[in-house]
Amino acid sequence: MSTQKDPANIGQVLSFLREWDRGDKAVRGRMLNTFVSRNSGKTSVELELEFAQVASLFLARLTTWMKLTYMCGTFLGIQLKAIGIFLSASSHDQYVMEFLEDGGVLTLLEILGHSRSKEKEKTEALCLLLAVSNAGRKYKEIICESHGVTAIAECLAKSNTNETQETAAALLESIFHGNPKYQNQIYKGLIALMTCRSPKAQQLALHNLHTVQCRMKTAHCSIVQPVLNMLRSLHLEVQDDELKCYDVRPLLLTGLVTLLRPIEEVQNHMEESEMIKMTGTLPVFVQQAAAAKAIRLLAKNSDELSRELLSLGVIRHLLCTMGNRDHADSQIQASLALEQFVRSYPVIEEHVQRGIGSTLFEAFMNQTDTLCMNMDETQAEILLTNKVNITEA
């Protein structure tokens, strides 16, 4: 091969390729390490000078060797880095197309799901797929035609390092843009990711959905329940991203209001009054508190949404949630949400004061976020059994 200053002649390149063809895995590993150290960051023009205008011959050998040996994984890391030099070179469409024709994309997708692949190798494979995707629409379509959306989404859901998951999310976003043929498939794949067990994957999926949803004409109905279910997450970063992600529609608003009253209710009929005791698992109460928080933020940011929530009977539901002495955060979030409505609409203040009594209302106004700490059983019963019915301001 050439020195770093002088271009190679064809004889040097052929000698290099013969050494590669005859060499065992140790020889090839050494040659790859040298290639990577000498050629990282080079443009396609510089690579062609290095290989006397036949760099494609070496790329083909690299791709074939990776396809034959990736399951063993011995040299996979350096193989991926070497191929990355070609795919990331400027004006590199020729290399990308040759890589695709040799089955390179299919191999990269198989690496993502292979049990022996290390996280660093998955990340490197994702980076190569990202380079392919960034080359243009036809390359994005090829990735999708190769069942790439499923493979990338599964990698995002199952990986256990932030770098791998963030690279997978970046790749999903990349293949979505400028790829109308497969946008709906990618959109549904992101919705499916919201049901996975990884909080980091959920957060990244929500972030991507925020971008994707802006480009979709309508929201798919299947998005509503996963969004509401994610309010059960104990990871606040997931909840916070969930609140930012959607142009909320009636189904989602109705779902939020419904979550203020958990399904697991036990009604104890008593002689003088009816008291509803809320019961449920911790995730249900976390979901209840998150729903109250979401309602407060939505009402604060939009008068239109605020009035739509009122039409759904949100005030009565918030008062009931304030009476849930089994979960303090639910009480606090509901109190803060109710305060937002009370201070925004005087008519609501009148109805609430009349519905729960002047003493409890005064306590609520004076200590909104700490009322739960001093609430007794009688006050909780008043809130749980309130009959406040106001649907407009």
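Here the structure is shown first, and the text comes after it.
*Asks:* Mind showing me how you'd approach helix α5 (residues 76–87) here?
*Replies:* Since there are 3.6 residues in each turn of an α-helix, residues three or four apart along the chain are aligned in direction. For α5, with 12 residues, the first-to-last C-alpha span of 16 Å sits near the 16 Å given by 1.5 Å per residue. Among the 12 residues of α5, 10 are classified as buried, and the element is accordingly described as predominantly covered. Looking at α5, one finds that the buried residues are L76, I78, Q79, L80, A82, I83, G84, I85, F86 and L87.

*Asks:* Which parts of the structure should I look at to understand the side chain of T321?
*Replies:* By secondary structure assignment, the location of T321 is in helix α19 (residues 314–322). Only 2.9 Å separates the side chain of T321 from the backbone oxygen of L260, close enough to count as a polar contact.

*Asks:* Just checking my understanding: could you explain unusual backbone geometry for this structure?
*Replies:* In terms of backbone geometry, most residues other than glycine have negative phi values and most peptide bonds are trans. For A52, which is not glycine, the phi torsion reads 50° and is therefore positive. Here A52 is to be found in the loop between α3 (44–50) and α4 (55–69). Phi at H147 is positive, roughly 60°, even though this residue is not glycine. Residue position: H147 is located in the loop between α9 (137–145) and α10 (148–158). On the accessibility criterion, H147 (63% relative accessible area) is exposed.

*Asks:* I'm lost on the packing of helix α8 (residues 119–133) against α9 in this one. Help?
*Replies:* A pair of packed helices is characterised by two quantities: the angle between their axes and the separation of those axes. For the pair α8 and α9, interaxial distance at closest approach is 7 Å and the crossing angle is 135°. With respect to α9, the axis of α8 lies oblique. Contact with α8, carried on its side by L129, V132 and S133, involves Y139, K140 and I143 of α9 and no other residues of that element. Class assignment for the residues of the contact of α8 with α9 results in four nonpolar, one polar and one charged.

*Asks:* It is not clear to me how the packing of α4 against helix α6 (residues 93–101) should be interpreted in this structure. Could you clarify?
*Replies:* Between α4 and α6, the shortest axis-to-axis distance is 10 Å and the interhelical angle comes to 35°. Regarding α4 and α6, the two cross each other, and that crossing is right-handed. Every residue of α6 that contacts α4 at A55, S56, L59, T63 and M66 is listed here: Q94, Y95, E98 and F99. When grouped by side-chain class, the residues that make up the contact of α4 with α6 number five nonpolar, three polar and one charged.

*Asks:* Can you walk me through the nonpolar core in this structure?
*Replies:* If you look at soluble globular proteins, the nonpolar side chains tend to sit buried side by side. F58, I152, V314, I315 and F341 are the most contacted members of the largest nonpolar core, which totals 120 residues. Of all the elements, α5 adds the most residues to this core, at eight residues.

*Asks:* So what exactly am I meant to see when it comes to the pattern of salt bridges here?
*Replies:* Where charged atoms from two side chains of opposite charge approach closely, those side chains can pair. Per the counting criterion, the structure on display carries nine salt bridges. Between R30 and E19 there is a salt bridge; the shortest N-O distance is 3.0 Å. A residue pair is termed long-range when its members are at least 10 positions apart, and R30 in helix α2 (residues 25–39) and E19 in helix α1 (residues 10–22) qualify at 11 residues. Looking at R30, the relative accessible area reads 45%, which means it is partly exposed. What makes E19 partly exposed here is its relative accessible area of 36%. Close ionic contact of D303 with R307 constitutes a salt bridge, the shortest N to O distance being 3.0 Å. With D303 and R307 both in helix α18 (residues 303–311), this residue pair falls four residues apart, about one helical turn. Since its relative accessible area comes to 38%, R307 is described here as partly exposed.

*Asks:* Looking at this structure, I do not really get the packing of aromatic side chains. What am I missing?
*Replies:* Overall, the coordinates contain 12 aromatic pairs when judged by the stated rule. Relative to F364, the ring of F361 lies with its centre 6.1 Å away and its plane at 50°, an arrangement referred to as tilted. Residue F361 and its partner F364 are located together in helix α22 (residues 358–366), separated by three residues, close to a single helical turn. For the cation-ring pair, R28 lies above W65, with the distance from its terminal atom to the ring centre recorded as 5.5 Å.

Calculation rules
- Residues numbered from 1 in each chain as written.
- Predicted model: local features only at pLDDT ≥ 70, side-chain atom pairs only at ≥ 80, totals over all residues.
- Heavy atoms only, no water.
- Helix = DSSP H or I, 4+ residues; strand = E, 2+ residues; numbered from the N terminus.
- Expected span 1.5 Å × (residues − 1).
- Buried < 20%, exposed > 50% of the residue type's maximum accessible area, 1.4 Å probe, protein only.
- Polar contact = N/O pair within 3.5 Å; in protein donor to acceptor, adjacent residues only side chain to side chain.
- Axes fitted to C-alpha atoms, helices over the stretch in contact; angles between N-to-C directions.
- Parallel < 35°, antiparallel > 145°, perpendicular 65-115°, else oblique.
- Contact = heavy atoms within 4.5 Å.
- Nonpolar A, V, L, I, M, F, W, Y, C, P; charged D, E, K, R; others polar.
- Left-handed = near helix turned anticlockwise from the far one by under 90°.
- Core = buried A, V, L, I, M, F, W, Y, C linked by side-chain atoms within 4.5 Å.
- Salt bridge = Lys/Arg side-chain N within 4 Å of Asp/Glu carboxyl O.
- Phe/Tyr/Trp six-rings, centres within 6.5 Å; stacked < 30°, edge-to-face > 60°.
- Lys NZ or Arg CZ within 6 Å of the ring centre and 35° of its normal.

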